[in-house]
Each structure stands twice: as structure tokens, then as C-alpha cells.
Amino acid sequence: MGISPAESGSPEKEQQAAGVGILLQIMMLVLSFVLGHVLRRHKFYYLPEASASLLIGLIVGGLANISNTETSIRAWFNFHEEFFFLFLLPPIIFQSGFSLSAELGTDTNLYALVFGESVLNDAMAISLYRTMSIVRKHASSAQNFFMVIFRFLETFVGSMSAGVGVGFVSALLFKYAGLDVDNLQNLECCLFVLFPYFSYMLAEGLGLSGIVSILFTAIVMKHYSYSNLSENSQQFVSDFFHLISSLAETFTFIYMGFDIAMEKHSWSHLGFIFFSIIFIVVARAANVFSCAYLVNLVRPVHRQIPLKHQKALWYSGLRGAMAFALALQSVHDLPEGRGQIIFTATTAIVVLSVLLIGGSTGTMLEALHVVGDGHDSHLGESFDVNNGYVAPSFKEDGTSGNGIKMKLKEFHKRTSSFTALDRNYLTPFFTSQNEDDEGGEALLDERISSSKRGGFLGQ
């Protein structure tokens with residue numbers, strides 16, 4: 001949703017209005033970052049940075065309504081959904097898949113569960129929304145059901161394939177192009193930054209989901225392409241994507257608060273809004289605990305997801321940016337004010353999840369005893385680099401087992417793991433790590449042989 005600057009004014013006044021709008025946005029961004037720093041410095045976790053940015057947007061939008069400057073403020077805030085999907089969202093999703101550094105002192109596995117599941121939910125949400133938008137045009141319910149399944153699989157699998165393919169191409173390029181020299185590091189960094197956007201725009205151009213594509217590109221590039229960069233380039237791209245994702249995410253929450261205060265809402269269906277919140281909480285609990293149960297059936301005991309982590313995942317996995325953007329788009333896509341009702345309900349859910357749930361997440365983690373010191377875990381939880389997550393060990397209750405559970409575990413043991421495939425084939429093919437290891441081993445063998453010859457001649 002965006003309102004262009006006043007069309008009746010002169011070009012000079014339009015340029016001045018645009019300048020004022022950019023100045024206002026920069027001022028709110030600066031205020032958000034400063035406030036976030038102050039909150040972190042004083043260890044005040046009841047108001048996270050996202051909540052602070054949302055509140056700033058709410059305050060500015062509320063003041064605009066009170067001062068009757070809504071039209072001019074909107075002209076300054078020339079914002080479009082396309083701007084969100086094409087420029088703000090890609091760096092946020094890429095950084096989520098590219099980096100993995102816990103917050104609030106939690107262990108790495110819990111962070112991966114919460115934010116990995118959340119980002120994947122964002123990708124699934126936009127895929128389903130686009131699928132349902134296409135299916136809505138067809139009349140037959142039987143055709144709709146099968147078309148939903150087909151279109152969703154087509155979108156998700158096609159987007160994932162595009163993202164993985166772009167990631168593998170980038171890995172081979174950085175492995176064989178010889179860009180990791182001093183005078184080509186600038187080119188190396190530029191190419192690395194462009195590949196994620198290429199993946200996103202490729203999927204969008206093919207009618208697929210750019211979010212799904214860039215997410216898998218981020219995972220592949222971090223695992224394979226990143227190790228082919230020089231050390232200076234690795235540091236630069238890590239800092240660059242962290243920077244632009246922070247700016248994009250902060251601006252997104254500012255605009256969410258601003259638009260919530262400025263938009264017209266339909267509060268005539270309070271029952272729908274109330275039950276939507278209840279059903280989402282219940283549905284999320286059913287989804288998290290049932291999926292965790294199925295995952296634990298095929299995982300060995302030491303790698304199962306503890307119940308307290310499942311509770312943390314259920315409580316703290318809600319995010320609002322993607323839901324807000326899709327609900328805002330539904331105002332135009334759905335007729336007879338239905339989109340307005342969905343937008344109002346989504347707004348209530350976003351405010352509740354960001355302010356209330358986001359502000360109480362730290363307290364909840366402390367109550368579940370899953371907050372560490374950021375370096376060592378107080379509960380015996382660890383992350384083994386070679387084998388993955390190691391959860392607190394507990395004795396398996398043999399009496400509660402059944403035939404299906406035992407067969408699933410046996411199948412898991414006999415099936416060759418992706419880790420072995422990656423270590424033996426994919427990593428040596430797509431990275432230069434194997435070549436470096438072989439070179440180091442050859443140098444070590446040569447030194448050992450030389451020392452033996454020297455010792456023999458000395459005798």
C-alpha cells in the first residue's frame with residue numbers, strides 16, 4: 001500500500017517532500033537503533049528491538065492522525081508492498097539462512113529450531129498465499145483441491161531447486177575462478193552479494209517463490225561458497241548482510257507500526273478476531289508438538305528435541321512481518337471488505353505477538369531453564385561440530401516403545417546420512433577444502449620423510 005507524493009505540486013516541491021520523507025525515515029531508524037542499544041545495555045529484555053521499532057511507528061502514526069497531517073505524512077512515506085517483497089524481505093530471509101548466532105544466551109540448536117522454523121513458515125506462507133490466489137479463480141471445488149496440492153508442490157519444489165542450483169553454481173565459480181587474491185577481493189565480494197538477489201529475481205521471474213529460493217541459496221552458499229572466499233571477503237560479506245538485514249528488519253517493523261496507526265480497520269467482527277487468535281495458538285501447539293514427536297521417533301536418544309525446547313518453539317516462534325504484508329495485500333485481492341477484516345485480525349495478532357509474546361520471551365526462557373551464558377550451557381547441552389546437536393541425555397523407557405517406533409529407528413540407523421554424503425562427495429566437489437587438506441597432508445608427509453632421511457643420514 002503506498003500513496004505517491006502530491007501530483008499537483010511542482011517538481012521542486014515533490015523533491016522537497018521526498019527529502020522530508022527520507023529524513024523522517026532516517027530519524028526513526030536512528031531512534032530505533034539507539035533505543036535498542038540502550039535497552040540491550042541495561043539488559044531490559046521486556047521490550048525487544050522489534051517491539052521498540054513497532055512502538056515508534058505506532059507513535060508517529062498516532063501523532064499524524066491527531067495533528068491531521070495524515071495525507072502529507074503518507075506522501076512522505078511512499079511505501080509499496082512491492083518494495084517490501086523485492087527489497088526489504090530478501091536480505092532478511094538470506095541473513096536468516098546464512099547466519100546462525102543465538103540470542104538471549106540460548107544454545108545454538110534452540111535458536112536454529114525457532115528461527116529456522118519461523119523463516120520456513122514465512123516461505124510456506126507466501127507460497128500458499130500465491131497458490132490460493134490462483135486457485136480462487138476456479139469454480140470447481142474438486143479441481144481446486146488437486147490444484148492447490150499441485151501448485152504448492154510446483155512452487156515450493158521449483159523454488160527450492162532454483163535456490164540450490166544458484167548456490168551450487170556460485171560455489172563452483174568461487175572455487176575455480178581464482179578470485180581469492182588481493183587485487184580481486186572487491187570483485188569477489190560484489191559477485192557474492194549479487195548471487196542471492198539473482199536467485200530471488202530468477203524465481204520471481206519464473207512465477208515461483210523468491211523467498212523459498214533465496215532461503216535455500218543462503219544455506220548452500222554458507223555451507224559451500226563461503227569457504228571458497230578469502231578471509232577478508234568472508235568478513236566483509238558477513239558484516240554486509242548483517243548490516244542490510246538489520247536495516248531492513250528495523251524499517252519493516254517501523255512501517256508496520258506506522259501503517260497500523262494510519263490504516264482504516266474493520267472492528268465490526270471482534271468475534272472473528274478473538275477466535276482467530278485462539279485458534280492460531282492452539283493450531284501452533286498441535287503443529288509443534290506433533291512434528292517434534294515424529295522427529296524424535298527417528299532420532300537417537302541423545303539428539304531428540306527436549307520438551308522444554310518444544311515449549312519454547314511453540315511460544316516464541318511467531319513473527320509478524322510476512323503475515324502483515326500478505327494481509328495488507330489481501331485488502332486489494334479480496335472483494336467486499338473481506339480483505340479489510342483479515343487485515344484487522346492480522347494486525348491484532350501481530351501487535352499481540354510482537355509486543356506481548358516478544359517482550360515475555362526472555363522470562364519464558366528463564367522459566368524453562370534454557371537460557372545459558374552465551375558460551376557454556378548450564379544444563380549439559382552442547383553442539384558437536386561433527387555430529388550436530390547433543391541434547392541432555394535421559395534413559396529411554398522401553399515399556400512405552402512399539403513396533404513402529406523400533407522400525408523407524410532401525411531404518412534411521414541403516415539409512416546413509418546426508419552428513420556422510422556431504423563430507424565424502426559434496427564438500428570435496430564444491431569447495432577447495434579437500435584440496436587444502438590434501439596439500440597440508442602432502443606437506444606433512446614430505447616433512448616426515450625429510451626428517452626420517454635426515455635421521456638416517458645422521459646415523
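Quick notes on the rules
Residues numbered from 1 in each chain as written. Predicted model: local features only at pLDDT ≥ 70, side-chain atom pairs only at ≥ 80, totals over all residues. Heavy atoms only, no water. Helix = DSSP H or I, 4+ residues; strand = E, 2+ residues; numbered from the N terminus. Buried < 20%, exposed > 50% of the residue type's maximum accessible area, 1.4 Å probe, protein only. Contact = heavy atoms within 4.5 Å. Areas by Shrake-Rupley, 256 points an atom, 1.4 Å probe, with all protein chains shown as cover. Axes fitted to C-alpha atoms, helices over the stretch in contact; angles between N-to-C directions. Left-handed = near helix turned anticlockwise from the far one by under 90°. Core = buried A, V, L, I, M, F, W, Y, C linked by side-chain atoms within 4.5 Å. 1 Å grid on protein atoms, 1.4 Å probe; cavity = no way out; pocket = protein on both sides within 12 Å on 5 of 7 lines; lining within 4 Å. Points joined across faces, edges and corners; volume = space filled by probe spheres on them. Nonpolar A, V, L, I, M, F, W, Y, C, P; charged D, E, K, R; others polar. Patch = residues over 30% accessible without salt bridge, like charges linked within 9 Å, V, L, I, M, F, W, Y side chains within 5 Å. Salt bridge = Lys/Arg side-chain N within 4 Å of Asp/Glu carboxyl O. Expected span 1.5 Å × (residues − 1). Bend = angle between axes of the 7 residues up to and from the residue. Phe/Tyr/Trp six-rings, centres within 6.5 Å; stacked < 30°, edge-to-face > 60°. Lys NZ or Arg CZ within 6 Å of the ring centre and 35° of its normal. Disulfide = S-S within 2.5 Å. pLDDT = per-residue confidence, 0-100.

A. Representation of the overall build of the protein within the structure. From N to C terminus, the protein includes 16 helices and two strands. Within the protein, the fraction of its 459 residues that count as buried is 39%. Long-range pairs, those at least 24 residues apart, make up 78% of the contacts in the protein with a sequence separation of at least 6. Roughly 25,600 Å² of accessible area belongs to the protein as shown, and the carbon and sulfur atoms make up 65% of that amount.

B. View of the side chain of S170. Secondary-structure assignment places S170 in helix α6 (residues 141-176). A relative accessible area of 0% means that S170 is categorised as buried. If we ignore the near neighbours within four places in the chain, the residues touching S170 are F195, M221 and S225.

C. Highlighting the packing of helix α2 (residues 49-66) against helix α9 (residues 231-262). Direction vectors running N to C along α2 and α9 enclose 35°, while the axes themselves pass 7 Å from each other. α9 is crossed by α2, and the crossing has right-handed handedness. Here A50, S53, L54, G57, L58, V60, G61, G62, A64 and N65 of α2 lie close against α9, whose contacting residues are T250, F253, I254, M256, G257, F258, I260, A261 and M262.

D. Layout of the nonpolar core. Residues F85, F192, I211 and F324 are the most contacted members of the largest nonpolar core, which totals 58 residues. Among the elements that make up this core, the one with the highest residue count is α9 (twelve residues). What F85 contacts, discounting residues up to four positions off in sequence, is P90, I126, Y200, M322, A325, L326 and Q329. If you look at the next biggest cluster of nonpolar residues, it comprises eleven residues, including L113, I305, M364 and V370.

E. Region of the structure containing the layout of surface pockets. Considering only enclosed or pocket space, the second largest pocket measures out at about 1,100 Å³ in volume. Contributing to the lining of the second largest pocket are 34 residues, with A125, I280, A323, L326 and T346 lying nearest its centre. Mapped by element, the contributors of at least two residues to the lining of the second largest pocket are α5 (108-135), α10 (270-298), α12 (321-333) and α13 (338-367). Counting residues per element, the lining of the second largest pocket draws most heavily on α5, which supplies ten residues. The class makeup of the residues in the lining of the second largest pocket is 18 nonpolar, ten polar and six charged.

F. Highlighting a nonpolar patch on the surface. There is a patch of nonpolar side chains on the surface, built from I22, I26, V30, V34 and V38 and spanning about 410 Å² of accessible area. Relative to the elements of secondary structure, I26 occurs in helix α1 (residues 11-41).

G. Broad picture of helix α7 (residues 185-205). Taking 1.5 Å of rise per residue, the 21 residues of α7 would be expected to cover 30 Å, and the 30 Å separating its terminal C-alpha atoms lies within 8% of that figure. Looking one or two residues beyond α7, the residue adopting positive phi is G207, at roughly 80°.

H. Inspection of helix α4 (residues 81-98) at higher detail. Taking 1.5 Å of rise per residue, the 18 residues of α4 would be expected to cover 26 Å, and the 24 Å separating its terminal C-alpha atoms lies within 8% of that figure. At L89, α4 is deflected by roughly 45°, the largest bend along its length, and proline P90 occurs up to four residues later in sequence. Burial of α4 is extensive: 13 of the 18 residues sit out of reach of the surface.

I. The packing of aromatic side chains, seen in detail. Counted according to the given criterion, the structure contains 23 aromatic pairs. With 5.7 Å between their ring centres and 45° between their planes, F174 and F192 make a pair best called tilted. Linking F174 in helix α6 with F192 in helix α7, this pair joins segments that are 18 residues apart in sequence. By relative accessible area, which is 3% here, F174 ends up buried. Of the residues examined, F192 reaches a relative accessible area of 0% and is grouped as buried. Ring geometry for W314 versus Y315: centroids 6.3 Å apart, planes at 65°, classification edge-to-face. Here a set of aromatic residues connected by ring pairs shows up, and it is made of F94, F98, F174, F192, F195, Y226, F236, F240 and F241. Over the ring of F98 we find K222; its NZ or CZ atom is 4.9 Å from the centre of that ring.

J. Looking closely at the packing of α4 against α7. Packing of α4 against α7 brings their axes to within 11 Å, and their N-to-C directions diverge by 115°. Here α4 runs over α7; the crossing is right-handed. Contacts between α4 and α7 involve F85, L86, F87, P90, P91, F94 and F98 from the former and F192, P196, Y197, Y200 and M201 from the latter. Its residues placed into classes, the contact of α4 with α7 shows twelve nonpolar, no polar and no charged.

K. Region of interest: the pattern of salt bridges. The tally for this structure, following the rule as stated, stands at three salt bridges. Note that R40 and E49 form a salt bridge whose closest N and O atoms lie 2.1 Å from each other. R130 is the partner of E204 in a salt bridge, and the nearest nitrogen-oxygen pair spans 3.2 Å. In this pair, E204 is assigned in helix α7 and R130 in helix α5, connecting sequence segments 74 residues apart.

L. The arrangement of the state of the cysteines in detail. Inspection of the entire model under this criterion finds zero disulfides. C190 forms no disulfide, and the closest cysteine sulfur to it belongs to C189, at a distance of 7.0 Å. Overall, the relative accessible area of 39% leaves C190 in the partly exposed class.

M. Spatial organisation of the environment of N186. In this structure, N186 sits in helix α7. A sequence separation of 47 residues divides N186 from S233, and the C-alpha atoms of the two residues are 8.0 Å apart.

N. Just the confidence of the model for the protein, in detail. Mean pLDDT over the protein works out to 75, with 74% of the residues at or above the 70 mark. The least confident element of the protein, judged by mean pLDDT, is strand β1 (residues 382-384) at 36; the most confident is α7 at 91. Throughout residues 1-8 the model reports pLDDT below 50, and contacts reaching past four residues in sequence, or to other chains, amount to 19 contacts. In the predicted structure, residues 439-444 sits below a pLDDT of 50 and forms zero contacts with residues beyond four places in sequence or in another chain.

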